[in-house]
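# Commentary on secondary and tertiary structure
The chain contents come next:
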Amino acid sequence: MHKLLTRQPGLKMLLLGNEAIARGGLEAGVAVATTYPGTPSSEISLNFFQISQESELYFEYSTNEKVALEVAAATANSGVRSMCVMKHVGMNVAADALLTLAYVGVKGGLVIVTADDPFMFSSQNEQDNRYYSKLSGLPMLEPSSAQEAKDMMVDAFDLSEQLQLPVIFRTTTRINHSTEIVSLGDLREPKTKGDFKKDPFNYVTVPAVSRNLHAKLLEKLDKAEKISENSEYNIIYGEGDWGIICNGVSCNYVFDAVKDLDIENSVRILRIGFSHPLPRVLIQDFLKTCEKVLIVEEGEPFMEETVKAFAQEEGLTLSIKGKDDALFSRLFEYNPALVRECLAAYFGVDYTPRTGVDLSDIPEIPQRPPSLCAGCSHRATFYSVQKAAKGMETICPTDIGCYTLGFMPPLSTGDFLICMGSSVGTSCGFSKATNKKVISFIGDSTFFHTGIPGLINAVFNNHNFTLVILDNGITAMTGHQPHPGVDMKALNFEGYARVSIEDIVKAVGVKHVSIIRPYRVKKSVDTIKEALMYKGVSVIISQEPCTLFTKALKKPRGKPFFVSEKYKGHRDCINDLACPAFFIKKNRVNIDPVLCSGCSICAQICPEHAILPLKDKAV
Amino acid sequence: MKPTRLILVAVGGQGNLLSSKVIGESALLAGVPVRMSEIHGMAQRGGVVESSIVFGDAKSTIISDGEADVLVGFEPSETLRALNKCNSRTVVISNLARMSPFTVTVGSGIYPDLKNLQSLIRAKTANLIAFNAEVLAREAGNVLSVNMVLLGALIQTGKIPLARETVKEVIKTKTKKAFLESNLKAFELGFSTANSMV
C-alpha cells in the first residue's frame, strides 16, 4: 500500500513537503487531481499517480496546465473535490482559464497548487505567483512547513466550498522540498461522482453574464476578507513594540532569528498564512501597536505594498520597510543569517555576524554542471544536426527539457529560450526577420504541451525553418512522467490511447517530414541535410528512448565500448560529443564501462576507428 | 535542544538522499526534532546534490554560509566547494575517492591536489576525518554503499544527536533488503575507520 494511504491518525511520518501536500489532499477527500509536471511541484503528482493505481482517486497528467485546470474546473463544478497542481510558470499557461473561472466559481472544492521557485533552482524565472491571487481575485493560502501544508490543504478545500471559489495554494521550493516529521490526520472517503446542473446564465461567460459574475466575485472577496481577518493562519505572536510581518518559509527564519538575537520580548510577529485578501483590520490594529514594522517576504513586495496602503488609510506614519537597498532584496531566496542580519540592522540590535572560514586561498574548484547523460539520444541528434548544418549560418531556438543542456559547449546548440513551446513560435519570427537558417528543437512532451499551435501558425503563415522534435518517449526532465505520445501499454498501464507525433505533424500540413534514428549518425546527417534544404516548414522527428528511462526499466541496452590499441591520440569523441562516459587517464582517452550505454556514436565518428564494443558486458 | 546543523554534499547518484532519509528516520525513531531540505539540481544528470539537516529547536530547514556544525562530503572537490558552509568549529568528514567532473576531462578545469585540499580544510576547521570510502564500500560488498560508510563515520563523531544502534535499526527497516548486509557492514566500516582516526 502507498504510504500516503496509511490509516493511522496521529502517526508521525517523515514526509517531503510535496508528500504532505498530497496527503493533505487525501485527508480532504480529493477525488480528482490533474497536473502538468514541473519542479518543484513534481512529487505531488508523482504520488497522486501512484495512489490513483490503488484507490478511487482519479489522476491525470494533462497535456498542459491550462487543460489540467479546465478538467479540474469541470469536475469541481460537478461537485467533486478537485486539485490542480503546477509549477509557478505553469500558472501562466493556465491563466486564461483561471481568470474567468474565478468569475464562474466552483461547487465542489477546487485547490490550485502553484509551486514557486525563488532563486530558480530549476526554472526559467522566479515570478511571484502571489500576484495571481490579486489578478484573479481568488483567495490564497501559504503554508510555512510540511505539517502546516498538510493541515492547510484540508482547510483550503473547506474554504473553497464555503466561498464557492477556487483557492490558490502557494508554496515555494523550500516548502516542496523540505522534509519534516508530520503527524497524520484522518483520511476522508472521496466523493467520486457528482452532477452538473445546467445554469447557463451563471456558467456561460458571455459579456452580459460576466458583468454579473464579476460583481459576485467581488462580493465573495469581501466575504473572504472577513474570513481572513479571523483565520487561524493569520496569527500574532509576542507583545513587543517592534513589528514583523512575514509569510511562508520566511516566518521560520524570523522565528529562529528572533531567538538567536535574543529579542523575543521586543518583537511582535504577525504571521500571514491567508495572504489574499489580506486581513485589513488585523493588520491596521497590528500597525497601531508597533513602533516600526519590518516585512519579511521572499520575492516581490506583495504584502508590503498593501500594508503601506492600509497604513495610509488609517493615517499611520510609522516606519514600514521590507524591500530596500539596505534590507531585503527582491532577488532570490532568503536564509536564516540574512534574515537575522536584516532584523538586527532594522531594529538596531547589537549583532556580530558569525564568520565562516576564510575562502581567499581556496584553489579554483572545477565546475560540475549537469550534462546530458552518457548515451543520451539528444547528444547524438545535436551532433548530427551540427554536422548537417556545417557552413550554414544558423539560429537555433530551443525549448524546455533535458535538451536545453545542448546549449553548452561543445554541442552549443540552443540560442533562444523563453518558455514552453517557444522554440516553434520564435522560429517563425527569426526566419522572417533574418536571412539565417533557423533550426529549432523541442521535446516530445513540450511539443504536446504548447508546441502544436506554433507549428500550425508556421504552416498557415508559410514560415521557413526546420523543427527537430526530440522524441525520447517520455517526459524525461521532471522524472519520467507519461505524455500523450507514450506507449502506456508497454509500461503496463491500461486505459490509455496513444497519439502519434508524426500523424499530428502531417495533419497540420507540414509537407516535409522525416524521421531519424539518431544512433545512426551517417544516415541521420544525410536526412537532416535534405530537410535543411527544404524551403518552408520541415520537421525532423528524432526517435530514440531516453537512455536513463531505459535503464530505470531495466531494459537491455547496448554493450559498452572501449578505446582499443588503435588509438593514436585523436580526441574528436571528447571534443565534439563530450559524453560523460569519457575520461582521460595517462594522457589517453578511456570509456567508463559502467556509464557507457553502448549508443556507439563515438565509435561511428572516431577517425581512427579505435572505439570498439567490449565482447563481454562483464567488466 | 540546541540546534545542530549538518550539511551533506554529493555528486548525483552517490546516494546522498538515502543517507538523509536514514538520518531523518533515525531522528523520528529517537524522538529528536529534525527538519531537512534538499536541492537536487538535475541530480541524475551529474550535478551536485546538497542536503541540509537541522536537529533540535529551530524552524529553518536550510543552513546559511558559515553555520554548519558538521559537513559530510561524498567527494573531495565537493567537500572543498562546500567549505563556505563551515566555520572554525565545524567538523568535516570527507570521502577521498575522486569523481572527476567532466570539465576536468575536457581540460577546462583543474582538479585540486588532494593533499593540499586536506591541509586547507584541516587548517580552517575543527577537524577533518578523511578516507577513501569507496575502498571500504567495496570491502563491504557494494561499491554503492559509500553513503553508508560516511554515515557510519558521521555517527562515530558523536556530533549529531543520533545513536549508533538507532541508525542501524533504521538501515535494517528502511533500506532495500537486497543491500541490507552490505549496508550494515559499510556502516560499521565507516564507524570503525573514523574511530581509528581520532
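Residues numbered from 1 in each chain as written. Chains lettered and ligands numbered in written order. Predicted model: local features only at pLDDT ≥ 70, side-chain atom pairs only at ≥ 80, totals over all residues.

## Looking at the overall build of chain A
In terms of regular secondary structure, chain A is built from 21 helices and 23 strands. Its C-alpha atoms give chain A a radius of gyration of 27 Å, within 12% of the compact-globule value 25 Å for 619 residues. In terms of its C-alpha atoms, chain A occupies a principal-axis envelope of roughly 80 × 70 × 55 Å. Taking all 619 residues of chain A together, the buried fraction comes to 52%. Taking contacts inside chain A between residues at least 6 apart in sequence as the whole, the part at least 24 apart equals 81%. (Helix = DSSP H or I, 4+ residues; strand = E, 2+ residues; numbered from the N terminus. Rg over C-alpha atoms; globule rule 2.2 N^0.38 Å. Buried ≥ 20, exposed ≤ 12 C-beta atoms within 10 Å, placed from the backbone. Contact = placed C-beta atoms within 7 Å.)

## Describing the sheet that holds strand 11 (residues 267-272) of chain A
Residue and element names in this part refer to chain A. In spatial order, the strands read 9-11-10-13-14; together these 5 strands make up an open sheet with mixed pairing. The open sheet has two free edges, formed respectively by strand 9 (234-237) and strand 14 (319-321), since each of these has just one partner strand. This sheet shows a mean twist of 15° between the axes of neighbouring strands, independent of strand direction. Here strand 10 (residues 242-247) pairs with strand 13 (residues 292-296) via 5 bridges, running parallel. Within strand 13, the residue paired with Cys-246 across the bridge is Val-296. (Pairing = 2+ DSSP bridges. Axes fitted to C-alpha atoms, helices over the stretch in contact; angles between N-to-C directions.)

## Some remarks on the interface of chain A and chain B
Taken together, the contacts link 41 residues of chain A with 48 residues of chain B. Where the side of chain A that touches chain B is concerned, the elements lending two or more residues are strand 1 (12-16), strand 8 (178-183), helix 10 (248-260), helix 13 (336-347) and strand 21 (582-585) of chain A. Class assignment of the residues belonging to the side of chain A that touches chain B gives a composition of 24 nonpolar, 10 polar and 7 charged. Relative to strand 2 (residues 34-40) of chain B, strand 8 of chain A runs antiparallel, the two sharing 3 bridges. Across the sheet, A:Glu180 pairs through a bridge with B:Arg35, a residue of strand 2 of chain B. (Nonpolar A, V, L, I, M, F, W, Y, C, P; charged D, E, K, R; others polar.)

## Side note on the domain arrangement of chain A
Parsing chain A into structural domains produces domain 1 (3-193 + 204-227), domain 2 (234-347), domain 3 (377-552) and domain 4 (561-613). Averaged C-alpha coordinates put domain 2 of chain A and domain 3 of chain A at centres separated by 48 Å. (Domains from an automatic or database assignment.)

## Structural notes on the pairing of strand 13 of chain A
All names here are of chain A. By the criterion of burial, strand 13 is predominantly enclosed, with 4 of the 5 residues buried. As judged from the 3 bridges shared by strand 13 and strand 14, these two strands associate in the parallel manner. Considered in strand 14, the bridge of Val-293 is made with Ile-320. Between the parallel pair strand 13 and strand 14, the chain is carried across by helix 12 (residues 302-313), and the sense of this crossover is right-handed. (Right-handed = clockwise from strand over helix to strand, strands pointing away.)

## Considering the environment of A:Ala581
Residues and elements named next belong to chain A. Residue position: Ala-581 is located in the loop between helix 20 (572-577) and strand 21. In this structure the C-alpha to C-alpha distance between Ala-581 and Met-153, which are 428 residues apart in sequence, comes to 45 Å. Contact partners of Ala-581, with chain neighbours within four places excluded, come to Ala-374, Ile-591, Asp-592, Leu-595 and Cys-596.

## Thoughts on unusual backbone geometry
Residues and elements named next belong to chain A. Geometrically, the link from Thr-39 to Pro-40 is a cis peptide bond, its omega value of 10° lying close to zero. Following the sequence through the fold, Pro-40 ends up in the loop between strand 2 (32-35) and helix 2 (42-52). Here the bond from Pro-409 into Pro-410 is cis, since omega is 5°, no more than 30 degrees from zero. Relative to the assigned elements, Pro-410 resides in the loop between strand 15 (394-395) and helix 15 (422-433). Of note in this structure, Phe-119 is not a glycine but carries a positive phi near 80°. The topology assignment puts Phe-119 in the loop between strand 5 (110-116) and helix 5 (130-136). Phe-119 sits in the partly exposed class, given 16 other C-beta atoms within 10 Å. Phi angles above zero are rare outside glycine, and Gln-164 is one such case at about 55°. Structurally, Gln-164 can be placed in the loop between helix 6 (146-163) and strand 7 (167-172). Gln-164 sits in the partly exposed class, given 18 other C-beta atoms within 10 Å.

## As for the sheet that holds strand 4 (residues 82-87) of chain A
Residues and elements named next belong to chain A. Taken together, 7 strands build an open sheet; the order of strands is 3-2-4-5-7-6-12 and the sheet is mixed. Strand pairing shows two members of the sheet lacking a second neighbour, strand 3 (58-61) and strand 12 (274-276), which therefore form its edges. With 4 bridges connecting them, strand 2 and strand 3 associate as parallel partners. Bridging across to strand 3, Thr-35 finds its partner in Tyr-61. The strands touched by helix 6 within the sheet are strand 5, strand 6 (140-141) and strand 7, with strand 7 carrying the most contacts at an inclination of about 160°.

## Quick notes on the packing of helix 7 (residues 164-174) of chain B against helix 8 (residues 180-197) of chain B
Residues and elements named next belong to chain B. Packing of helix 7 against helix 8 leaves a shortest axis separation of 10 Å and a crossing angle of 160°. As summarised for this structure, helix 7 and helix 8 are arranged roughly antiparallel, according to the angle between their axes. With respect to the hand of their crossing, helix 7 and helix 8 are arranged in right-handed fashion. Contacts from Arg-164, Lys-168, Ile-171 and Lys-172 of helix 7 reach helix 8 at Leu-180, Asn-183, Leu-184, Phe-187 and Phe-191. Split into classes, the residues belonging to the contact of helix 7 with helix 8 amount to 5 nonpolar, 1 polar and 3 charged. (Parallel < 35°, antiparallel > 145°, perpendicular 65-115°, else oblique. Left-handed = near helix turned anticlockwise from the far one by under 90°.)

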